[in-house]
Amino acid sequence: MTDISALEVPPPGTEEYFGAAYPAAERYAQHLATTGIEWGLIGPREIDRLWTRHILNCAVVAEFIDDSDVVGDVGSGAGLPGIPIALLRPQAQIVLIEPMERRVEWLKMVVDDLGLDNVRIVRARVEELVDEEMFTVVTARAVKAMTTLIEWTHEVMGPDGRILALKGASVEAELAKTKKLLKRYRLTQPKIHIVDGGILDVPSRVVEIAKK
């Protein structure tokens, strides 16, 4: 078993940020720090920054999610950002999309343990879900370049659908390559939201692109 003594202490304000969902968020952190590492979903060096670099980094996406949204989390992996969003937006519907069987089994185990009734898990690639699923929001973290993400997801977004992608500091270079696709698929110019939730020292970058 993984030693979780090195698990990062959540920064001040984390309990207030999650509110009633905080105990479940703590259990999720413990899953990431144990079976998440043992099953190869999280690198062992991440244990001392699980809260800031992973859970809270993703949780701030929930600030852009409405209760009525149906969210498709592309390449969900360890449930990031889908599970933190589900914890903070229990009325929204969250679909974790993941093609790898081992990751899907881990997600099922964690979602069942956390009692997340608003979460479904679909084993597939998102481009295989055309005509099967329709989302008001598509989320992604560390999943390909923006051009690829747009190509993969534009057909599973509803009429007012949006992409909310967590990206790093080099996002401007990625977005510069999206101009033709934005025009082809009638998408808005990207907005880059810098979000810290009032608790992150290093803010998250959330790229928002919407259908016109």
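Above this note sits the structure.
Throughout what follows, the structure given in this document is the object of discussion. Keep in mind that this is a model prediction, so the values were computed, not measured.

Where helix α2 (residues 22–33) contacts helix α6 (residues 101–114), the axes come no closer than 10 Å and their chain directions differ by 155°. Relative to α6, the element α2 lies roughly antiparallel. As α2 packs across α6, the resulting crossing turns out to be right-handed. On the side of α2, the interface is formed by A24, R27, Y28, H31 and L32, while α6 contributes W106, V110, D113 and L114. Of the residues in the contact of α2 with α6, the class split is six nonpolar, one polar and two charged.

On to the sheet that holds strand β3 (residues 119–122). Read from one edge of the open sheet, seven strands run β3-β2-β1-β4-β5-β7-β6, paired in mixed fashion. Each edge of the sheet is formed by a strand with only one pairing partner; in this case those strands are β3 and β6 (191–195). Within the sheet, the average angular offset between the axes of one strand and its neighbour, ignoring direction, is 25°. As defined by bridge partners, strand β1 (residues 70–74) adjoins strand β4 (residues 135–141) across four bridges and the pair is classed as parallel. If you follow V74 over to β4, its bridge partner there is A140.

As a rule of thumb, soluble globular proteins bury nonpolar side chains together. F18, Y28 and I83 are the most contacted members of the largest nonpolar core, which totals 51 residues. Where this core is concerned, the elements lending two or more residues are α1 (14–18), α2, α4 (50–59), α5 (82–88), β2 (93–97), α6 and β5 (157–167). Per-element accounting of this core gives the leading share, seven residues, to α2. With residues up to four places along the chain from it excluded, the contact list for I83 reads Y28, A78, L96, L107, V110, V111, L114 and L116. Grouped together as the second largest cluster of nonpolar side chains are 26 residues, V95, F135, A140 and I150 included.

Analysis parameters
Residues numbered from 1 in each chain as written. Predicted model: local features only at pLDDT ≥ 70, side-chain atom pairs only at ≥ 80, totals over all residues. Heavy atoms only, no water. Axes fitted to C-alpha atoms, helices over the stretch in contact; angles between N-to-C directions. Helix = DSSP H or I, 4+ residues; strand = E, 2+ residues; numbered from the N terminus. Parallel < 35°, antiparallel > 145°, perpendicular 65-115°, else oblique. Left-handed = near helix turned anticlockwise from the far one by under 90°. Contact = heavy atoms within 4.5 Å. Nonpolar A, V, L, I, M, F, W, Y, C, P; charged D, E, K, R; others polar. Pairing = 2+ DSSP bridges. Core = buried A, V, L, I, M, F, W, Y, C linked by side-chain atoms within 4.5 Å. Buried < 20%, exposed > 50% of the residue type's maximum accessible area, 1.4 Å probe, protein only.

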